[in-house]
Amino acid sequence: MNTTKDAIFERVMDRDPDQREFHQAVREVFETVRPVLDRNPAYRREAILERIVEPERVIVFRVPWADDQGQVQVNRGFRVEMNSALGPYKGGLRFHPSVNLDIMKFLAFEQVFKNALTTLAMGGGKGGADFNPKGRSDREVMRFCQAFMAELYRHIGPNTDIPAGDIGVGAREIGYLFGMYKKLANEFTGVLTGKSLAWGGSLIRPEATGYGAVYFAAEMLATRNDSIEGKTCLVSGSGNVAQYTAEKILDLNGRVVTLSDSSGYIYDEEGIDRDKLAFVKELKNIRRVRISEYAERYSQAVYREAEPDRLSNPLWDHPADCAFPCATENEINGSDAAHLIHNGVFLVCEGANMPSTPEAVDLFLDKALLYAPGKAANAGGVAVSGLEMAQNSMRLNWPREEVDHRLKLIMKSIHQTCLAAAAEYNTPGNYVAGANIAGFVKVVNAMLDQGLV
Ligand code: NDP
Ligand code: 2IT
């Protein structure tokens, strides 16, 4: 980094020394946009970097609720309204015990550039709570969602800030959150996306992140006259993104051999076919149990318990062509990346947000893998959220084929935009530089147009 950016980055670190994931996300963007700043002196003059790292608003709030035993529980809720230069704040809600201001800020920062790439008019935000839905009854989840919305509702709105799902927040939670918003605001509006179809949701929204990631991978492969067909794929996670990533890989005649959850992972050398995937959906979406049950049902599959202290994750140490990390941040470290490359993986496409550590990213770029960062590859989810907002405004629903077609076009456009920006700034084929630069330029030009606000 050059001196101005060094100084600004140091200030970011000094201000919030404990926010390591936020620093990681900021550092990557700063490192790649240097040539853009060199070409456009106005960006430095107008203190664009100093402004873009500072959220427009951060809301932190108490969430008190009563569990099934009548015991009072207190969680912490967040909404980081990061940047509204391109449209109302837009981004998911995460319910997970690891949620804190650092995680929220990193996700909101990434969301700003991701949303800019979608071709739709959306600013960036993120929210959530350190609530752990695991082992909680439906009633407890409902009471928690109601308590969370009892505060959040005054800060959001269909033209202000439109939350959606993320880890731990799916159709069930969006339903409870929407119900409470509607009651408090006395308005039936498209204030959340990821709604059920019968009351304002969009077809393809549940599938969009995973399908979009695979469409993006297909675009990358097409640059080498190749396709997903016949490729062996490692997929991590077993939630929303992982399930629909696996489904689209199967649609395109690829093979999926792994899935995971926070307890461990399964490796099925024979491939996870449609019937087995249906079983995973039942495990995860209906029964809400552990992926280990897969290996109890399908005896050829191997289950391996997670070992948090291990230096590498054995999921990434199997022969394969492609890897789709779809669980969480920093799930691929430098030694995992080395294992992937050693095992023949030549494409890494991120369904999750920032799943690769900086060491892993450096290796992927060094070895010229087809490597798609999350803010490009997983943008299909928020893009179809944008399409859900459009349909809500029209009070119309598009058919499945139409939404899927638009999703494909958007992923194609993001892919093209990344390649064009990378080429323009002398890093051909580098999707990290391409995504950061293209997203950055769009956002900062809008910020300059709108003055000091
Ligand atoms: P889900 O809650 O549906 O699934 C998350 C999956 O990842 C589960 O299998 C979960 O296991 C596993 N997981 C979560 N945290 C950890 C952890 N700390 N260590 C190991 N495994 C973990 O979430 P999504 O599928 O929606 O989200 C997955 C990723 O995709 C996240 O990075 C999210 O930010 C990103 N994303 C999501 C989008 C969406 O539309 N939903 C859009 C774009 C990105 P367990 O069940 O044991 O917790
Ligand atoms: O990280 C993400 O892009 C999401 N969790 C989806 C956000 C959205 O508003 O649909």
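It should be noted that the structure appears before, not after, this text.
Heads up: these notes are all about the structure in this document.

About the criteria used
- Residues numbered from 1 in each chain as written.
- Chains lettered and ligands numbered in written order.
- Predicted model: local features only at pLDDT ≥ 70, side-chain atom pairs only at ≥ 80, totals over all residues.
- Heavy atoms only, no water.
- Pairing = 2+ DSSP bridges.
- Helix = DSSP H or I, 4+ residues; strand = E, 2+ residues; numbered from the N terminus.
- Axes fitted to C-alpha atoms, helices over the stretch in contact; angles between N-to-C directions.
- Parallel < 35°, antiparallel > 145°, perpendicular 65-115°, else oblique.
- Left-handed = near helix turned anticlockwise from the far one by under 90°.
- Contact = heavy atoms within 4.5 Å.
- Nonpolar A, V, L, I, M, F, W, Y, C, P; charged D, E, K, R; others polar.
- Near = heavy atom within 4 Å.
- Polar contact = N/O pair within 3.5 Å; in protein donor to acceptor, adjacent residues only side chain to side chain.
- Areas by Shrake-Rupley, 256 points an atom, 1.4 Å probe, with all protein chains shown as cover.

**Quick look at the sheet that holds strand E2 (residues 72-83)**
And then number 1: Strand order in the open sheet formed by 5 strands is E1-E2-E4-E3-E5, with mixed pairing between adjacent strands. The open sheet has two edge strands, strand E1 (57-66) and strand E5 (161-164), and neither has a second partner. In this sheet, adjacent strand axes meet at a mean angle of 20° when their direction is disregarded.
And then number 2: Of the strand pairs in this sheet, strand E3 (residues 89-95) and strand E4 (residues 124-129) are connected by 3 bridges, and their pairing is parallel.

**As for the packing of helix H8 (residues 205-222) against helix H9 (residues 240-251)**
If you want to describe how two helices pack, look at the angle between their axes and the distance between the axes.
And then number 1: Put simply, H8 and H9 touch, their axes get as near as 7 Å, and they point 50° apart. Comparing the axis directions of H8 and H9 gives the class oblique. Like other packed secondary-structure pairs, H8 and H9 cross with a definite hand, here right-handed. Touching Pro206, Glu207, Thr209, Gly210, Tyr211, Val214 and Tyr215 of H8 are Asn240, Val241, Tyr244, Thr245, Glu247, Lys248, Ile249 and Asp251, all from H9.
And then number 2: Split by residue class, the contact of H8 with H9 holds 7 nonpolar, 4 polar and 4 charged.

**A short note on the site of ligand 1**
And then number 1: With respect to spatial proximity, 25 residues lie near ligand 1, and among them Asp166, Thr209, Ser262, Arg290 and Asn353 are the closest.
And then number 2: One nitrogen or oxygen atom from the side chain of Lys134 is found 2.9 Å from an oxygen atom belonging to ligand 1.
And then number 3: One of the backbone nitrogen or oxygen atoms of Gly168 is found 2.9 Å away from an oxygen atom of ligand 1.
And then number 4: Against a free-state accessible area of 890 Å², the protein chains account for coverage of 83% of ligand 1.
And then number 5: Secondary structure elements with two or more residues in the shell around ligand 1: H8, H9 and strand E7 (255-261).

**Thoughts on the site of ligand 2**
And then number 1: In the region of ligand 2, 14 residues are neighbours, and Lys90, Lys114, Lys126, Asp166 and Ser385 sit closest.
And then number 2: Contact distances for ligand 2 include 2.7 Å between an oxygen atom and a side-chain N or O atom of Lys114.
And then number 3: Against a free-state accessible area of 290 Å², the protein chains account for coverage of 94% of ligand 2.
And then number 4: If you list the elements that add at least two residues to the shell around ligand 2, you get E3, helix H5 (101-117) and helix H15 (379-394).
And then number 5: Tallied by class, the residues present in the shell around ligand 2 amount to 2 nonpolar, 7 polar and 5 charged.

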